[in-house]
Amino acid sequence: MSIYNWIQKVLFENYEEWHMKNPNYEGNGFHISGIDNALKAMHDGYIFYAELTPSHAVKGCTSMKAVVGKSKELVNLYLKIEDKKYLISDLSYSDAVKIMRAFVKKEVLPDEKTYTEVIGNDDAIVKSAFEELTKLLLADPQTAKRFLKKHKHESMEDMDHAWEELFFALERKGKLIELDWKARKDSFIPDVSKLSAGLNLETDEKILHDEEDIPRWGKILNAQWTEYVLSAMDIGSDSYAMMVLSKEDFEKARELAKVILHRIAVIEEM
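Okay, so let's go over this structure. Remember, it's a predicted structure, so these values are computed and weren't measured experimentally.

### Digging into the overall build of the protein
Then step 1. In terms of regular secondary structure, the protein is built from nine helices and 11 strands.
Then step 2. Within the protein, buried positions represent 47% of all 270 residues.
Then step 3. For the protein, restricting intrachain contacts to residue pairs at least 6 apart in sequence, the fraction spanning at least 24 positions comes to 52%.
Then step 4. Entry remark: accessible area of the protein is about 14800 Å², with carbon and sulfur atoms responsible for 49%.
Then step 5. Computed over 37 positive and 48 negative side-chain charges, the separation of the two mean positions in the protein equals 2 Å.

### With respect to the sheet that holds strand β8 (residues 177-179)
Then step 1. Judged by pairing direction, the sheet is antiparallel, and its four strands sit side by side in the order β8-β10-β9-β11 without closing on themselves. Edge strands, defined here as strands with exactly one partner in the open sheet, are β8 and β11 (264-266). Averaged over all adjacent pairs, the angle separating strand axes in this sheet is 40 degrees, with direction ignored.
Then step 2. In this structure, strand β9 (residues 228-233) lies alongside strand β10 (residues 240-246), joined through six bridges in antiparallel fashion.

### Looking at the environment of A144
Then step 1. Relative to the assigned elements, A144 resides in helix α5 (residues 141-150).
Then step 2. Among the residues examined, A144 registers a relative accessible area of 1% and is labelled buried.
Then step 3. Each C-alpha atom of the pair A144 and D111 lies 45 Å from the other, and the pair is 33 residues apart in sequence.
Then step 4. Excluding residues that lie within four positions of it along the chain, A144 makes contacts with T134, K135 and L138.

### Some thoughts on the pairing of strand β3 (residues 49-53)
Then step 1. Summarising burial for β3: four of the five residues are buried, a large majority.
Then step 2. With four bridges connecting them, β3 and strand β4 (residues 61-68) associate as antiparallel partners. Within β4, the position partnered with E51 by the bridge is K65.

### Concerning the pattern of salt bridges
Then step 1. Taken as a whole and judged by the stated rule, the model has 13 salt bridges.
Then step 2. Here D44 and K40 are joined by a salt bridge, their closest N and O atoms 2.7 Å apart.
Then step 3. Here K40 falls in the exposed class, since its relative accessible area comes to 53%.

### A word on the packing of helix α7 (residues 185-195) against helix α8 (residues 214-224)
Then step 1. Across the interface, α7 lies against α8 with an axial gap of 11 Å and an inter-helix angle of 45 degrees. In terms of their interaxial angle, α7 and α8 are classed as oblique. By crossing handedness, the relation of α7 to α8 is classed as right-handed. Within the contact between the two elements, α7 uses K185, F188 and V192 and α8 uses I214, W217, G218 and L221.
Then step 2. Taken together, the residues of the contact of α7 with α8 sort by class into five nonpolar, one polar and one charged.

### Overview of the side chain of K21
Then step 1. Relative to the elements of secondary structure, K21 occurs in strand β1 (residues 15-22).
Then step 2. Among the polar contacts listed, one links the side chain of K21 to the side chain of D160, at a separation of 3.1 Å.
Then step 3. The residues touching K21, leaving out its near neighbours within four places in the chain, are E26, Y49, A50, E51 and D160.

### Concerning unusual backbone geometry
Then step 1. One non-glycine residue, D90, lies in the positive phi region at around 55 degrees.
Then step 2. Summarising the element assignment, D90 is placed in strand β6 (residues 84-91).
Then step 3. Unusually for a residue other than glycine, A139 sits at a positive phi of about 55 degrees.
Then step 4. Here A139 shows up in the loop between α4 (123-138) and α5.

### Looking at the packing of aromatic side chains
Aromatic rings in a pair are described by how distant their centres are and how their planes are angled relative to each other.
Then step 1. This structure, assessed with the given rule, holds five aromatic pairs.
Then step 2. Measuring from ring centre to ring centre gives 4.9 Å for W18 and F103, while their planes differ by 75 degrees; the resulting arrangement is edge-to-face. A residue pair is termed long-range when its members are at least 10 positions apart, and W18 in strand β1 and F103 in helix α3 (residues 93-105) qualify at 85 residues.
Then step 3. With a relative accessible area of 4%, W18 lands in the buried category.
Then step 4. Here F188 and W217 contribute two aromatic rings whose centre-to-centre distance is 5.2 Å and whose plane-to-plane angle is 40 degrees, an arrangement assigned as tilted. Of this pair, F188 sits in helix α7 while W217 sits in helix α8, and the two are 29 residues apart along the sequence. Residue F188 shares its accessibility class with W217, and that shared class is buried.

### Notes on the packing of α4 against helix α6 (residues 159-172)
Then step 1. Running from N to C, α4 and α6 cross one another at 10 degrees; their axes reach a closest spacing of 11 Å. Between α4 and α6, the crossing angle belongs to the class labelled roughly parallel. Of α6, the residues touching α4 (which contributes V126, F130, L133, T134, L137 and L138) are M159, A162, W163, L166, A169 and L170.
Then step 2. Grouping the constituent residues of the contact of α4 with α6 by class yields 11 nonpolar, one polar and no charged.

About the cut-offs
- Residues numbered from 1 in each chain as written.
- Predicted model: local features only at pLDDT ≥ 70, side-chain atom pairs only at ≥ 80, totals over all residues.
- Heavy atoms only, no water.
- Helix = DSSP H or I, 4+ residues; strand = E, 2+ residues; numbered from the N terminus.
- Buried < 20%, exposed > 50% of the residue type's maximum accessible area, 1.4 Å probe, protein only.
- Contact = heavy atoms within 4.5 Å.
- Areas by Shrake-Rupley, 256 points an atom, 1.4 Å probe, with all protein chains shown as cover.
- Lys, Arg positive; Asp, Glu negative; His and termini not counted.
- Charge placed at Lys NZ, Arg CZ, Asp CG, Glu CD.
- Pairing = 2+ DSSP bridges.
- Axes fitted to C-alpha atoms, helices over the stretch in contact; angles between N-to-C directions.
- Salt bridge = Lys/Arg side-chain N within 4 Å of Asp/Glu carboxyl O.
- Parallel < 35°, antiparallel > 145°, perpendicular 65-115°, else oblique.
- Left-handed = near helix turned anticlockwise from the far one by under 90°.
- Nonpolar A, V, L, I, M, F, W, Y, C, P; charged D, E, K, R; others polar.
- Polar contact = N/O pair within 3.5 Å; in protein donor to acceptor, adjacent residues only side chain to side chain.
- Phe/Tyr/Trp six-rings, centres within 6.5 Å; stacked < 30°, edge-to-face > 60°.

So, in C-alpha cells, the structure goes:
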C-alpha cells in the first residue's frame with residue numbers, strides 16, 4: 001500500500017485499497033461511494049461498465065464487472081471465479097450497487113443460484129465490432145486494414161488501448177479534432193468547418209453566442225443540420241474529440257462503440 005493510500009485508509013473508514021476500473025478512472029484505492037457514482041454514470045449513459053478487482057481472491061472470485069444491459073435501466077453483472085466467467089442478468093442498479101458494496105466491504109459473493117456460467121467466448125463479437133467501427137470511422141479500407149493489422153484488438157481486454165489508438169488514427173487523418181472544453185467560439189467554428197468541409201453544411205456564427213460553450217453550440221448546429229451530426233468520441237478527458245458523421249453512420253458508430261463498452265454521442269450529451 002502506498003503512503004497516500006495508507007493515509008486515506010487511516011483517515012477515511014470507507015476507503016478501499018482494491019482496484020477499480022471504468023472509462024473515467026483506473027487505479028488502486030477508492031472510496032466506497034465510488035461504486036455508487038460509477039453505476040449512476042452508467043445509468044445516465046456516460047459510461048458503460050465498472051469493474052472491481054480485489055487485492056486477493058474472494059472465494060475464488062478475482063473480478064466483478066457491471067455492464068449496462070440491453071435496457072439502459074438494467075445491469076448485467078459478470079464474475080470471474082477460478083478462471084470461469086459467470087453472469088447475473090438484468091439487475092436493477094440499486095441491486096447491483098448492493099452486491100458490489102457487499103463484495104468490497106464484507107467480501108461476500110451473491111448466492112450461487114443467482115448466476116450462471118457463461119459458455120462460449122465474446123471475443124469474436126468484440127473483435128468484429130471494433131473492426132467494423134474502425135472501417136466506418138476511417139472511411140478508407142486500406143488505412144483501416146493497416147491500422148487493424150498493427151494494433152491488437154482480439155478481446156475486451158485490448159479495447160482501452162485500441163480505442164486510444166483509433167482516436168490518434170482519426171486525428172491524423174483529419175476525421176477528428178480534439179478541442180479543449182474551454183475553447184472559444186473563434187476556435188470552435190474553424191474546427192467544425194474543417195470537419196464538415198465539402199458537406200455543404202451551414203455554420204451560422206451569428207446564432208452561436210460567445211458566452212456559451214461547445215455542448216450548446218453543438219446542440220444549435222445539430223438542430224439545424226438534417227443529414228449530419230456533430231458528435232464526439234469519449235476519450236476520458238475534459239476535451240472534446242469532435243467528428244462530423246452522417247446520421248446513418250452516427251447511429252451505427254454509437255451502437256458498435258457500445259459493444260466494446262465505449263462511447264460515441266452527440267456533442268451536446270458529452
